[in-house]
Each structure stands twice: as structure tokens, then as C-alpha cells.
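What follows is each chain in one-letter form.
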Amino acid sequence: LSTDQKENLDEIQHAGRHLLELINDISNISKIEAGIVDINIKTEFLSNIVDTSINRLMPLAKKSNIEILPYTIQDSLQVQSDPLRLHQVLINLLSNAIKYNSENGTVEILCQNLKNGFIRLGIKDTGTGIDETEQLTLFKPFNRLSHGKEIEGTGLGLVISSRFMELMNGTIELDSKKGQGSTFWITIPTA
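Conventions used here
- Residues numbered from 1 in each chain as written.
- Predicted model: local features only at pLDDT ≥ 70, side-chain atom pairs only at ≥ 80, totals over all residues.
- Heavy atoms only, no water.
- Helix = DSSP H or I, 4+ residues; strand = E, 2+ residues; numbered from the N terminus.
- Buried < 20%, exposed > 50% of the residue type's maximum accessible area, 1.4 Å probe, protein only.
- Contact = heavy atoms within 4.5 Å.
- Pairing = 2+ DSSP bridges.
- Expected span 1.5 Å × (residues − 1).

Visitor: Looking at this model, I keep getting lost on the overall build of the chain. Mind explaining?
Guide: For the chain, the helix and strand inventory stands at five helices and seven strands. When the helices and strands of the chain are placed in sequence order, the string is α-β-α-β-β-α-β-β-α-α-β-β. Expressed as a percentage of the 191 residues in the chain, the buried residues total 41%. Restricting to contacts in the chain with at least 6 residues of sequence separation, those with at least 24 account for 71%.

Encoded structure:
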């Protein structure tokens, strides 16, 4: 193929992947709202799910000049979750932390054992943060941040993530101040 043909093929592949993501998001939200999502709760090592999610997004982080800081999650830490759904939640939160970050920013993984039967996992970025008004509608379908309109997405990722966490007996929360970055926290039952 010529250089132009290769570039065109790359654009077609990129558009195809984006379209598939849109279709999957709409399919997921439809299934959740209809109550037909299969949740398969199992005992899983949290470090395995986090490591897999981060490894999948490392190319996006490098391309965006975002550093994912070294982190430690105890190898013995186990959670009760649907590994596939938890992986989807982490992929969404990590990709948002990368896409909405500041130039040459960082992403930090935080982990706290709450001792009450739950583990709290945080995804912290050094982006511009989310003002209080936008935080009120952040978990509503098709809502997009005003400062990220140029970033691809459906506005369904956080809604789907929130619903998956509820179905796994967990929660998702946000700590953010304008100009100071954001930390999305998920709380997961321990095994």
C-alpha cells in the first residue's frame, strides 16, 4: 500500500473502533436499564484486574504523554466482583483520567483497605478538575463535560460504570475541585 492508502486505512480502522465503542455503550446501557445484564460475582485478586487494565491503556497514556505512576496493591488483596465488569469500570476511569488530564500529567492509583468489608480504589489525575455544577450531572446519560467536547465519547461511560458498581454491591464517587484534578473512587466488597 502507498503511504496515503496506509493513512486512509488507519483512519478507517480508528473510525470503526470508535463506532464499535458507541454501539457497545448504547447496548450496555439498554441492557442495564432493562435489567438483563449478567453479573458473575467471583473472588478475584484486585492486583490482577488493575494490572490488566493499566497494561491495556499504557499505549494511550504514552501517546498522550501521561505518566501512570508506580503503584502498589497487595498481591493477597481479593475482592468479590464480576472481573469483566470491574475491568470495564477501570478501563473507563483510567481512559478518562488520561484523556482529560493536563499536558504531561500523571495518573495515580490509590488503594485503601477500609476494614469494614470493603476496599476503596482511586484513580487520581492531574487534569483541570470538574466544577461543582458539572459534578451534579456527571452520572447522567449522554452528559459530556463542557471542557472536553473535542474528546471522543458518548457520555455513557460513567453512567455504565456507576450501574455496574451498584450491581456488584459497590459504589463510585468523585472528589474534584476546579483546577486541582479529579479522583474517582470505587468501593468494592472484599472477599
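Visitor: Teacher, can you tell me more about the pairing of strand β5 (residues 118–125) here?
Guide: Note on strand geometry: in a regular strand, side chains alternate between the two faces of the sheet. Taken across its eight residues, β5 has six buried, putting it largely inside the fold. Relative to β5, strand β4 (residues 106–113) runs antiparallel, the two being bridged by seven bridges. Residue C111 lies in a different strand from β5, and its bridge partner there is L121. A loop of four residues connects β4 with β5, the two strands running antiparallel in sequence, and K115 in this loop sits at a positive phi of about 65°.

Visitor: Looking at this structure, I do not really get helix α3 (residues 83–99). What am I missing?
Guide: Quick reminder: α-helices carry 3.6 residues per turn. Residues three or four places apart thus point the same way. Counted at 1.5 Å a residue, the expected span for α3 with its 17 residues is 24 Å, and the 24 Å between its end C-alpha atoms agrees. Within α3, 14 of the 17 residues are buried, leaving the element largely enclosed by the surrounding structure.

Visitor: Where do I start with helix α5 (residues 157–167) in this structure?
Guide: In terms of burial, α5 is a largely internal element, eight of the 11 residues being buried. All of the buried residues along α5 are G157, L158, V159, I160, S161, S162, F164 and M165.

Visitor: Is there a simple way to think about unusual backbone geometry in this case?
Guide: Among all residues except glycine, the phi angle is most often negative; among peptide bonds, the trans geometry is most common. Notably, N104 is not glycine yet its phi reads approximately 60°, a positive angle. Take N104: it is sitting in the loop between α3 and β4. On the basis of relative accessible area, N104 is assigned to the exposed category, the value being 52%. Even without being a glycine, K115 presents a positive backbone phi close to 65°. Locating K115 in the fold gives a position in the loop between β4 and β5. K115 gets classed as exposed once you look at its relative accessible area, which sits at 72%.

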